[in-house]
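A look at the structure
Listed here are the chains, written in short residue letters.
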Amino acid sequence: MNKMNKMNKKHWLSFGSVTGPYVYLFRMAFLGLVLLSVSRILLALWQSERVMATGLLADILLQGIRADIILLSLWCVPAVLLLPFLSYWRRLWFPFTFYWAWLGLGLIVFIELATPAFLLQFDARPNRLFIEYLRYPKEVFLTLLFGFTTAFIAGTSLTVLLGALLYKVLRVRESHVALWSLRKNIVVWPLVVLALLMGVRSTTDHRPANPAFFAITGDAMVNSLVINSGYSVLYAIYNMKHEARSSEMYGKLSTADMLSRSLDWPWLKNYEFTDKQYPTFHYQRALNSPAKPLNVVIVLQESMGATFVGALGGVGVTPELDKLADEGIWFERLYATGTRSVRGIEAVVAGYPPTPAQSVVKLSKSQRNFTTLASVLKAAGYTTQFIYGGEAHFDNMRSFFTGNGFSQIVDLHQINDPVFVGSWGASDEDLFTTAHQQLTRLHQAGQPFFSLIFTSSNHEPFEFPDGRIALHEEPKAVVNNAVKYADWAMGQFFSKAKQSEYWQDTVFLIVADHDNRVYGNNLIPVEKFHIPGLILGGSVKPKRISELASQIDLAPTLLSLMGVSSCHTMTGRDFIADPNSPGRALLQFDDYFALMEPEKITLLKPDSSAVIAQYNETNETLTLLRPAQVEEQYKALAQVQLPSYLYREQKYGQGQRCAPMAAKAD
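Report follows, based on the coordinates. Treat the numbers as computed from the prediction; the structure is a model and nothing was measured. (Residues numbered from 1 in each chain as written. Predicted model: local features only at pLDDT ≥ 70, side-chain atom pairs only at ≥ 80, totals over all residues. Heavy atoms only, no water.)

With that out of the way, let us pick up the nonpolar core. Ranked by size, the top nonpolar core spans 122 residues in total, and within it F386, F401, F493 and F494 carry the most contacts. Here this core gets 10 residues from one element, more than from any other, and that element is helix α19 (residues 479-498). Setting aside its immediate chain neighbours within four residues, F493 contacts V299, F432, A435, H436, L439, I453, Y502 and F508. L25, M28, L71 and V192 belong to the second-largest nonpolar core, a separate cluster that totals 45 residues. (Core = buried A, V, L, I, M, F, W, Y, C linked by side-chain atoms within 4.5 Å. Buried < 20%, exposed > 50% of the residue type's maximum accessible area, 1.4 Å probe, protein only. Helix = DSSP H or I, 4+ residues; strand = E, 2+ residues; numbered from the N terminus. Contact = heavy atoms within 4.5 Å.)

The next point concerns the pairing of strand β2 (residues 295-301). Counting buried residues along β2, seven of its seven residues qualify, which places the element largely inside the surrounding structure. Here β2 shows two buried faces, one formed by N295, V297, V299 and Q301 and the other by V296, I298 and L300. Relative to strand β9 (residues 506-512), β2 runs parallel, the two sharing seven bridges. Paired with I298 across the two strands is L509, which belongs to β9. The pairing of β2 with strand β8 (residues 449-454) spans five bridges and is classified as parallel. Paired with V296 across the two strands is F450, which belongs to β8. (Pairing = 2+ DSSP bridges.)

Attention now moves to the packing of aromatic side chains. Applying the stated criterion across every chain yields a total of 35 aromatic pairs. Centre to centre, the rings of F494 and F508 are 5.3 Å apart; their planes meet at 70 degrees, and the pair counts as edge-to-face. Of the two residues, F494 is situated in helix α19 and F508 in strand β9; the sequence distance between them amounts to 14 residues. On the accessibility criterion, F494 (1% relative accessible area) is buried. Judged by relative accessible area, F508 falls into the buried class, the value being 0%. (Phe/Tyr/Trp six-rings, centres within 6.5 Å; stacked < 30°, edge-to-face > 60°.)

Set out below in C-alpha cells:
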C-alpha cells in the first residue's frame, strides 16, 4: 500500500494525471517561470542601486512574470497547434514535446546567462544587437574568448550543466504520462489554444503587449530588466521583418506633412526641393573657394566618445586629440545618432538620419544608388577609398561602400607586414601607416581624393602592442588604455601628415562613430551620445562651434569647406553657410527616438506616445517634464519618419542633374 501511495504521489507530482498530453509543456512553463524569475531577481540585486532608485521593485518582479508568460506561451504555441495531428501517436508525441520543452528551457538558460555580459556592454538586455553580432561568429567568438574569458567559460559550462540538470528534472516516467480521449481533446484543445493566445497578447487592448508596455520607469536599463532576454530578442527579430516601416511605431504623418515638417530648419530655407522623385534633392553651393578642390580624409574613431576626451570634460586619455582641438574647427556639442558603428557610418558618410530599423549599411534597398559623400565626390571627379584594419566585409561595409561610390577598399589583406594583429584586425598604428602611404600615393597621382579611415583598436578585447603608451591604469586590456593607444596612433599619423605634401591640400575630419558603452539611468542616456568632432588641415582656420550638432551635419559642412558645390539628398546642416542658427541632434536608442534641441528634448516612445524632457549638460541628467504637445510630437515624428520613407521608397539617390540657379539667392 505504501509503495502504491508513493507511486501515486510521484504520479501526481508529474502533473501527468492533470495535464495529459500537455505534461511536458506544462512542466516547461512551470520551470521556465521559476528560472526567469530567479534570473530577474539576481539581476535586480546586481543592479540594486538603480532598481531601488525607482521604488518599483515589486512592480518590476510582478510585471516580469507577465512578460515571462508571453515568452513561454509563444514557445508552446507551435507544439499545441500540432497536437490534433500528433497526439495519438504516443511514441511520437511525448518525445517531441519533451525535446521541444527541453530546447526551450535550454535556450532560456543560455540567453539569461549571456545577459550580464551584454548588460555590462550595452546597459540593456540582449536585443537586436545580439542578433546582429551573431552574424559574425569569428569576431564574436574571439572577442568572447579573449575579452570575456572567464565569463565565456563560466557561461558555457553553466549552460551545459544546467541543461543536463533540466533534462533530468523535466523527464517524466513513461508510466506517468497519459493521452486523453478524443472527446476530451476536442473540448480542451481550443481552450488551451485560446489561453496561449491570451498569454501571448497579455492584454485586452486592441494591440498586444510589447516591450513598451513594460517601460514602467524612467531608466531604460531597469525597464529592460522587467522583460526577459528571450522575449527581447524575439521581439527584435519580429521588428527586423518590418523595418521598412519601423518608424510607424511612433505614429504616422501624411507624406506631405512629414516632408514639410522635416525640412523646416533654418539651414534648409535657402534650398529648393523641386525633384518629385527625390524630395530632399537640392543644390548646395560651397562657400569656401580654394584655388582647387581640396581632398578630404575622415578618421572615424571606433568608440571614442566624449567621456574619454579631456577637452570635452572626459577622463583625459586623448592628449593628442586635445592638442589638435585648438588647431581646427572643434565641435563642442556634437552628438552621435546611435550606438553602433554602422549607425555612425550612415550618419557621417551618408548624412543619413537614424531610424529604429537596422542601419542602411546593412539593408537591401540601400546597396546601390544611395547618396554618400563618396558618391557625390566620385561624380565630381574624386578618387574614393575606404581604409580599414579589419576585414571590410564586417557589418556589410564592403557591399555598401562599393555599391555607393567607393572605388577602392583597403583592408587587413592589403596591410603589409603589420606589427600587431588582434581579434579585430591590424592595430591602429598599422592602419595609419597604410593610410599615410595611400594618401601620399593618391596625392602624387594629382587627382583629388576622399579617404575614409576607420579604426578598430578601441574595441573589446582591447588588444594593442606593448611599449607604445604609459598605461592609464592596470590591467592593460581595458578601455581607457585602448583609447589612449588609439589616440597615440592617430597623433603619430597627424605628425607625419603635417610634414607631407598632401597636408596643405586636404581637409581632415576626426570624429567618433559612437561611445564605448552606452549606459545610464536616463530613458535615453544622452551623455553617452556626446562625441568629439574636429575638422582641421592646412587651410582650415581654428574655430569653436558651440551650437548643437549632429553627425549628419558633417558631410554638408565638409563639402562646403572643400569648395565642392554639388547636388545631393543630404539634409544636414552646413555650418560654414549657417554658423549661428540654433542646432539640433537626432538620437536613436533601441526603440526610443529623441529630437534634441537647445531648450528641450522630445522623446518618442514605441507606443506612439511622446514626452518632453530637459537635459542638463553640466550634471548629465535628463528630467522628464510633461507629455508632448501635438505639434512637438509631430515635429519629432517627421524627423524619424523622413529617413524611413526615403529608404522604403528608394528616394535617397542621386536624382536629376541640378544647376546652380536651383539654389535660392542668399
